[in-house]
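# Descriptive structure summary
Next come the chains, spelled out residue by residue.
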Amino acid sequence: MRKTMVIGTGPAGLTAAIYLARANLSPIVIEGTQPGGQLTTTTEVENFPGFPEGIMGPELMDNMRKQAERFGAEFRNGWVEGVDFSKRPFKVKLEGGEELEAESVIISTGASAKYLGIPGEQDNVGRGVSTCATCDGFFFRGKKILVIGGGDSAMEEANFLTRFATEVTVVHRREELRASKIMQDRAKGNGKISWALNRTPLEVVTDETGAVKGLKVRNNEAGQEELVEAQGVFVAIGHTPNTKFLGGAVETDDHGYILVKPGTTETNVPGVFACGDVQDMRYRQAITAAGSGCMAAMDCEKFLEGSMVHDWSGN
Ligand code: NAP
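Residues numbered from 1 in each chain as written. Predicted model: local features only at pLDDT ≥ 70, side-chain atom pairs only at ≥ 80, totals over all residues. Heavy atoms only, no water.

## Focus on the site of the ligand
Going by this rule: In these notes, residues near a molecule or strand are those with any non-hydrogen atom within 4 Å of it. Side-chain atoms alone can form a polar contact between residues adjacent in sequence; in general such a contact is a pair of N or O atoms within 3.5 Å, and within protein one must be able to donate a hydrogen while the other accepts it. Throughout, the Shrake-Rupley method with a 1.4 Å probe supplies accessible areas, and for residues the shown protein chains are the sole cover considered. Strands are runs of DSSP state E lasting at least two residues, helices are runs of H or I lasting at least four, and both sets are numbered from the N terminus onward. All amino acids are sorted into three groups, where Ala, Val, Leu, Ile, Met, Phe, Trp, Tyr, Cys and Pro are nonpolar, Asp, Glu, Lys and Arg are charged, and the leftover types, Gly among them, are polar. Domain segmentation is taken from an automatic or database assignment of domains.
Close to the ligand lie 18 residues; Asp-152, Ser-153, Arg-173, Arg-174 and Arg-178 are nearest. Take Asp-152: an N or O atom from its side chain is 2.5 Å from an oxygen atom of the ligand. In this structure, a nitrogen atom belonging to the ligand sits 3.0 Å away from a side-chain N or O atom of Glu-156. Coverage of the ligand by the protein chains reaches 77% of its 910 Å² of free accessible surface. Of the residues forming the shell around the ligand, the biggest block, three residues, is contributed by helix α4 (residues 152–161). Considering only residue class, the shell around the ligand consists of three nonpolar, eight polar and seven charged. A domain-level breakdown of the shell around the ligand finds at least three residues from each of domain 1 (5–113 + 239–305) and domain 2 (122–235).

Below, the structure is given as structure tokens:
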């Protein structure tokens, strides 16, 4: 019987794996469809302490994985389809039918990019519509791009995309941006970025050949529809926690984020812990995810040695 299992391999899951492996608990780590998590779709990470010159996201994740492997963590490709946490050992069912068992589970499945749900959006994903500038920016070299959203993600994507585009237009549904001041200032100081504020996205529009030609928006001030022309549409409006596969096996909030006992990584199920973006809609940083991964491993260790008093209350 495995003592412990980690589901998800972003900074939270990999940090948990490093700590568990160093505690001789030989964790099995389920990688999911995007091994390394969201950081594998980022370029340079400038704010992870210890890298004064910055480090590329994929390299940082690769290093964390190697570190976990060095201490005996076992990695498994696989997509978790369902869980049974009603009794121990906990059961985790992989796509394809295989079932794994463990005495404890750490959930670190992160969050995924949100879409707008407007006409023309899903039809053109990978053909002019994207949620990942790092992955797809290159395809829009010398073209006009627009980025939808007013948060830090949108500012970051817009700045990054100016490397490729002739012009990047940020489309935001309000006049005020949600992004932090430093990110706003950086974007506003970038001469290649223009602004279409107070515009609500309505539809991704294509030409007669099927190529994306722009975004139909409602100009909320003028009360009329307009077309913002662009060949590439990048949606940067936030994320959804990856908790569907749990089927309600642990308590979540209304948005689907796992509830943990404040100041810990304990879920309402003794022996099941959560760390990283899947339980954090507030900070969502690589460093906070990694920190909570360490906490989850330590909580898990305590649970396995029988010294944890489960006194759960979510927030
Ligand atoms: P966010 O802060 O939730 O911003 C989402 C943006 O998308 C908001 O401006 C929102 O508009 C807009 N939006 C949401 N749904 C929409 C819809 N259906 N139609 C049109 N617009 C819509 O998400 P985020 O930018 O991904 O940031 C999430 C967290 O990660 C934040 O804490 C952020 O600081 C952090 N982050 C940090 C960095 C960094 O420091 N390098 C980079 C990226 C993200 P409203 O403003 O009108 O609600």
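Next comes the rest of the description.
## Overview of the side chain of Arg-199
Put simply, the rule is: Whether two residues touch is decided by their heavy atoms; if any such pair falls within 4.5 Å, the residues are in contact.
Mapped onto the elements, Arg-199 comes out in strand β14 (residues 199–206). Looking at Arg-199, its side chain comes within polar contact range of the side chain of Glu-226, at 2.9 Å. Discounting chain neighbours no more than four positions away, the residues touching Arg-199 are Val-171, His-172, Arg-173, Val-217, Arg-218, Asn-219, Asn-220 and Glu-226.

## Thoughts on the sheet that holds strand β17 (residues 232–235)
To keep it simple, the criterion reads: Any two strands with at least two DSSP bridges between them are considered paired.
Reading across the sheet, the five strands line up as β10-β17-β11-β12-β13 and stay open at both edges, with parallel pairing between neighbours. Sheet topology places β10 (129–130) and β13 (193–196) at the edges, where each strand pairs with a single neighbour. In this sheet, β17 lies alongside β10 in parallel orientation, the contact comprising two bridges. Looking at β17, one finds that Val-129 is bridged to Val-233.

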